[in-house]
Structure formats: structure tokens, C-alpha cells
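A look at the structure
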Amino acid sequence: MEYDIDGLIQVQIRDDIGLTFARCLRHFLRQDPDIVLVGEIRDVETAEISVQASLTGHLVFTTLHTNDAPSSIARLLDLGLEPFLITATLEGIVAQRLVRTICPRCKEEFLPTAEMLLELGLTPDDVADRKFYHGAGCDFCRSTGYSGRMGIFEIMLLDDELRDMILARKSTNVMREAARKRGMRALREVGLLAIYDGMTTIEEVIAQTIYEESSH
């Protein structure tokens, strides 16, 4: 376990002795917890037990390894989880990335090249009234131009139409477009807002996010 937190009961997973996510979850549920945090869903057994916990009134938080929020649906289906179980239990998905923030002591305005903007799917005309910043490098940031990190988040909330799409096993791209029409901002878009706010750089956002051609 990474942190000792008062009020939380934690168990370290040890696959070599059979102490798996699924086995621990079964025992946790016998203690009637209100909230269950599953470190990661990596197999169908863990997924099914997490779903059963949700169906019986528990609030379940967990993680998956995917590129973005909509891809989580495909991941759960690939693991073997039935679509009706996903639609009955899943409320929302948050994809997150950490980007380095510009050092406040050597932060300066700069003009991005057309090639840099192209990697963001932008042209010079698109950002004619925008200012861009980077860190020049100083002793405080050890000449990196960065100091600290911030999170950027893509939040996908499920509604009846998206649930129907899951039941119909629609593609990730179709669900991504539907979620965007409902107000979901893609990771790249959220990163772009952080760039416009002078918090991070073009290079960081490009490195930490993917560009979806179909979403622009």
C-alpha cells in the first residue's frame, strides 16, 4: 500500500499466493462497505465482481488503462463484460493526464511555429488573438523551463442514448462523437485551454494527449 490513511482498510494484492483483486473484493463485500476502491480492473473476474458490488448498492471507483474516456467502454467489452452490465452500473468516466507547468520565474511569451500549431490541429489564423508562453530556463527550474505539474481531465457522463450505444456495441469513435455533442471536452481540448491560460506548453500537451482526426 502506498499511503496509511486513517479510516481506510487496505489490502496489498499478492497474485503469487492467490491474494487477487477478485478474491479480496469478495471478502470486502462481506463487511458491507459503502465505498469500494479497486486499484485496477485487469480481468473479467474483477470486472464482474466490481459490477456486482455496484448493483448491490455500493459506490465503486476503479481504474483502467486506456487512451481516453470513451475507450474505456471498449476495454470493458474486450475483457468480456456484458454490455447490459456496463449500462446498468457505469455512471461516468474520467480520463486524466499530468502535464508539466511552466516555471513562473522564467516564463516568457513566445510565438509558436506553424508546424507546432499544426500538431495541435490549428493554423496561425485560428490563434491570431492568443498568447503562448514557455519557460526560458533558469536556476530555479534547473533550466528545464518547467516547475510542478497539473492535471487535465476528460469527463464522459453516461445518459440513456450513450447507454443504448453501448448495448448496440457502437464503435469508440461513434460514442466519442456522441459524448462530445453532450459537452465532453477531449483531453487535447482541455490541454489547449491550459496552453491558452499560460499554464503549460504546446510540447507538453502534444506529448501527453492524442489527436483524434474524427473529432475535429
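Residues numbered from 1 in each chain as written. Predicted model: local features only at pLDDT ≥ 70, side-chain atom pairs only at ≥ 80, totals over all residues. Heavy atoms only, no water.

**A word on helix H6 (residues 160–167)**
Heads up, the rule is: Each residue gets one of three labels from its accessible area relative to the maximum for its type: buried under 20%, exposed over 50%, partly exposed in between, using a 1.4 Å probe on protein chains only. Where helices and strands are cited, they refer to DSSP runs of H or I of at least four residues and of E of at least two residues respectively, numbered from the N terminus. Working note: the arc is built from the helix axis to C-beta atom directions. Contact criterion: two residues are considered in contact whenever any of their non-hydrogen atoms come within 4.5 Å of each other.
Taken together, the buried positions of H6 are Leu162, Arg163, Met165 and Ile166. Projected onto a plane normal to the axis of H6, the buried residues spread over an arc of 155 degrees and lie on a single side. Tucked inside the fold, the buried residues of H6 contact helix H3 (71–79), helix H4 (83–89), strand S6 (146–157) and helix H7 (172–181). Positioned one or two residues after H6, Arg169 has a phi angle of 55 degrees, which is positive.

**Some remarks on the pattern of salt bridges**
Opposite charge on two side chains allows them to pair when their charged atoms are near. How we decide: Any Lys or Arg side-chain nitrogen located within 4 Å of an Asp or Glu carboxyl oxygen qualifies as a salt bridge.
Applying the stated criterion to the full structure yields nine salt bridges. Between Arg163 and Glu91 there is a salt bridge, and its shortest N-O distance comes to 3.6 Å. Of this pair, Arg163 sits in helix H6 while Glu91 sits in the loop between H4 and strand S3 (92–102), and the two are 72 residues apart along the sequence. In this structure Arg163 comes out as buried when scored by relative accessible area, which is 16%. A salt bridge links Glu161 to Arg182; the nearest nitrogen and oxygen atoms lie 2.5 Å apart. Within this pair, whereas Glu161 is found in helix H6, its partner Arg182 is found in the loop between H7 and helix H8 (187–196), the two being separated by 21 residues in sequence. With a relative accessible area of 34%, Arg182 lands in the partly exposed category.

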